[in-house]
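Remarks on the overall topology
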Protein chains: 2
Amino acid sequence: MDHDEATTRLLDTAERLFYERGIQTVGMDEVRTASGVSLKRLYQCFPAKEALVVAYLRRRDTRWLSSLANFVAHHDPTDQIPAVFDWLHAWFSEPGFRGCAFINSAGELGATSPEVLAAVRDHKAAVREYLATLADQTNVPDLADHLNLLVEGAITTAAITGDPTTAHQARQAIELLLNRP
Amino acid sequence: MDHDEATTRLLDTAERLFYERGIQTVGMDEVRTASGVSLKRLYQCFPAKEALVVAYLRRRDTRWLSSLANFVAHHDPTDQIPAVFDWLHAWFSEPGFRGCAFINSAGELGATSPEVLAAVRDHKAAVREYLATLADQTNVPDLADHLNLLVEGAITTAAITGDPTTAHQARQAIELLLNRP
DNA sequence: TGCCGTGGAGAACGTTCGTTCTCTAGTGTA
DNA sequence: TACACTAGAGAACGAACGTTCTCCACGGCA
């Protein structure tokens, strides 16, 4: 197994374990066992646990946003904002959905690790920016802010209640805000 | 120092430390030192760390909701829903604001501790129920769900960006939803 | 005074964690 | 064959954690 394959296997394993159970609950030894990468190689790829956590968050950031943007792009321009919430509904319905990995990580390590906090902030800024590109096409004032709030609220609420229809509540709200006089 | 005084001092200390820095980062020894309660007494009051965490969350739940409800009750019935977001703005502006203690705790321990998760779920259900009592007076359909989403979204967003005006964005959104034809 | 029960300070224990070190097996090369 | 190098398995280390135990000082009561 070479360096690159080890890196992706480590990131795959870290993403699964960290998201499922939280970061501090998962030890480096468990990452090693689950990934099949030796400890020596692990510390060659990531010099410390924090580096693995940050890399996991950075990769998840781009993948998450790409998945959302790709789904939305396959809709008519007039339907793209509601489509955001259809994508959220599908995400909320996945087995093992446990809320936003970034919010969870920030709550756990945000006060301790500035690098983790920066990764979380960068992700949320990227999400806001992407949603703003959708909202700006509507000429509805302040829609970008309201869209972002509804997205964040839906993720948080669905994480705790486990109810995917939270996404439909949010979609209904944004449609009311879209169709106002 | 008697049992009751020790209990409140422990809860005060636990609330401050756990909220500031996360739960797993704070050891029982630090709770002991910061509270001035001996370890023996600590384990008399709370038989394990998990019990202290749950007690901290339960007390914070009632205090948080009481504070919000008390603030809102001092407003005219027609202004009570916007008042929710004024209260949030004041909370977001407090030094040391670090988002929702329950969301943070759930992200950290929700997958590990069913008791913590139950406390978080109970809190969020109580918040939704309280907001529903406000929304139901308006006869605007589905306002309870939308209000809850905007509240949760504002808390989450303010926690990451650190920007208290997030509360005003959410208030503007709910006012649009309130005044629709 | 003598005795008993409680309480505090902190040492001690067993475990877990992040990280490093050791040993050995295997591989390519002269 | 002899050698240099890499990689893997896992032991080992030092620190930190949650929890328990030991020791001693003190106060109420006979």
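Numbering of residues starts from 1 in each chain and follows the order in which that chain's sequence is written. The naming scheme follows written order: chains are lettered A onward, ligands numbered 1 onward. Reporting in this predicted model follows two pLDDT cut-offs: at least 70 for local features of residues, and 80 or more for side-chain atom pairs to be given and counted; totals over whole chains, interfaces and linings ignore these cut-offs and use all residues. Only heavy atoms go into the side-chain values, all of them from the structure, while hydrogens and water stay out.

Next up on the list: the packing of aromatic side chains. Stacked, tilted and edge-to-face pairs are distinguished by plane angle, under 30 degrees for stacked and over 60 for edge-to-face with tilted covering the rest, among Phe, Tyr and Trp rings (Trp via its six-membered ring) whose centres lie within 6.5 Å. Counting across every chain of the model gives 14 aromatic pairs over all chains. Residues B:W91 and B:F97 carry aromatic rings whose centres are separated by 4.9 Å and whose planes lie at 80 degrees to one another, so their mutual orientation is edge-to-face. Just as B:W91 is buried, B:F97 falls in that class too. In this structure an aromatic cluster arises from ring pairing among A:W64, A:W87, A:W91, A:F92 and A:F97. Here, a charge over a ring is recorded when the distance from Lys NZ or Arg CZ to the ring centre is within 6 Å and its angle to the ring normal is within 35 degrees. Of note, A:R60 hangs over the ring of A:Y19, and the distance from its end group to the ring centre comes to 4.3 Å. Throughout, exposure labels follow a simple rule: accessible area from a 1.4 Å probe, protein chains only, divided by the maximum for the residue type, with under 20% read as buried, over 50% as exposed, and the rest as partly exposed.

With 40 residues of chain B at the contact, the number on the chain A side is 40 residues. Of the roughly 3,200 Å² buried between chain B and chain A, counting both surfaces, carbon and sulfur atoms make up 63%. What counts as a salt bridge is simple: a side-chain nitrogen of Lys or Arg found within 4 Å of a carboxyl oxygen of Asp or Glu. For the pair chain B and chain A, the number of links is zero salt bridges. Whenever two N or O atoms come within 3.5 Å, that pair is a polar contact, provided that in protein one can donate a hydrogen and the other can accept it, and provided that, for residues adjacent in sequence, both atoms are side-chain atoms. On inspection of chain B and its partner chain A, the count reaches 11 residue pairs in polar contact (both at pLDDT 80 or more). Counting from the N terminus, the helices are DSSP H or I runs at least four residues long and the strands are E runs at least two residues long. When contributions to the side of chain B that touches chain A are tallied by element, the ones reaching two or more residues are α1 (3-21), α6 (101-109), α7 (114-136), α8 (143-161) and α9 (166-178) of chain B. Each residue is assigned to one class: nonpolar for Ala, Val, Leu, Ile, Met, Phe, Trp, Tyr, Cys and Pro, charged for Asp, Glu, Lys and Arg, and polar for all the others, Gly among them. Split into classes, the residues belonging to the side of chain B that touches chain A amount to 13 nonpolar, 16 polar and 11 charged. For this analysis, residues touch if any pair of their heavy atoms sits within 4.5 Å. Here the quantity called buried area is the total loss of accessible area, with a 1.4 Å probe, experienced by two parts when brought into contact, counted for both.

With that out of the way, let us pick up the protein's contact with DNA strand C. Throughout this document, a residue counts as near a molecule or strand when at least one of its heavy atoms sits within 4 Å of that molecule or strand. In the vicinity of DNA strand C lie 13 residues, with A:G27, A:M28, A:Y43, A:K49 and B:K40 positioned nearest. Considering the 4 Å shell around the protein, atoms of DNA strand C inside it are sugar or phosphate in 46% of instances. For DNA strand C, a phosphate oxygen lies 2.7 Å from a polar atom in the backbone of A:M28. The side chain of B:R32 places a nitrogen or oxygen atom 3.5 Å from a base nitrogen of DNA strand C. Taken together, the elements giving at least two residues each to the surface near DNA strand C come down to α3 (39-45) of chain A together with α3 (39-45) of chain B. For the surface near DNA strand C, the element with the most residues is α3(B), which contributes four residues. When its residues are assigned to classes, the surface near DNA strand C shows six nonpolar, three polar and four charged.

We note that A:N139 has phi near 60 degrees; this positive angle belongs to a residue other than glycine. Relative to the elements of secondary structure, A:N139 occurs in the loop between α7 (114-136) and α8 (143-161).

Looking now at the domain arrangement of chain A. All names here are of chain A. Domain boundaries assigned for chain A yield domain 1 (1-47) and domain 2 (54-178). Delimitation of the domains relies on an automatic or database domain assignment. Taken over C-alpha atoms, the centre of domain 1 sits 27 Å from the centre of domain 2. At the interface, 13 residues of domain 1 touch 14 residues of domain 2. Between domain 1 and domain 2 lies a buried interface of about 1,200 Å² when both sides are counted; carbon and sulfur atoms form 53% of it. One can count three salt bridges joining domain 1 with domain 2. Here E15 and R60 are joined by a salt bridge, their closest N and O atoms 3.0 Å apart. Of the residues assigned to the side of domain 1 that touches domain 2, the class counts are five nonpolar, four polar and four charged.

Turning next to the side chain of A:N148. With respect to the helices and strands, the residue A:N148 is situated in helix α8. Under the relative-accessibility criterion, A:N148 is labelled buried at 5%. With sequence-adjacent residues up to four places away left out, A:N148 is seen in contact with A:V127, A:R128, A:L131 and B:T157.

Moving on, we get to the environment of B:L131. Residues and elements named next belong to chain B. Take L131: it is sitting in helix α7. Considering only alpha carbons, one finds L131 and N148, 17 residues apart in sequence, at a separation of 6.7 Å. Non-local contacts of L131, meaning those with residues more than four positions away in its chain, are made with V84, L147, N148 and V151.

Here α7(B) spans 32 Å end to end across 23 residues, near enough to the 33 Å set by a 1.5 Å rise per residue. Residues of α7(B) that are buried make contact with α8 of chain A together with α4 (49-73), α5 (80-93), α6 and α8 of chain B. A helix is expected to reach a length of 1.5 Å times the quantity of its residues less one.

Quick look at the pattern of salt bridges now. This structure, assessed with the given rule, holds 18 salt bridges over all chains. Among the ionic pairs, A:E5 bridges to A:R9, the shortest N-O distance being 3.1 Å. With a gap of four residues between them, A:E5 and A:R9 both fall in helix α1 (residues 3-21), about one helical turn apart. Measuring nitrogen to oxygen at the nearest pair gives 2.9 Å for the salt bridge that ties B:R21 to B:E30. Owing to a relative accessible area of 26%, B:R21 belongs among the partly exposed residues under this scheme. By relative accessible area, B:E30 is classed as partly exposed at 31%. Sharing partners across several salt bridges, the network here consists of A:D12, A:E15, A:R59 and A:R60.

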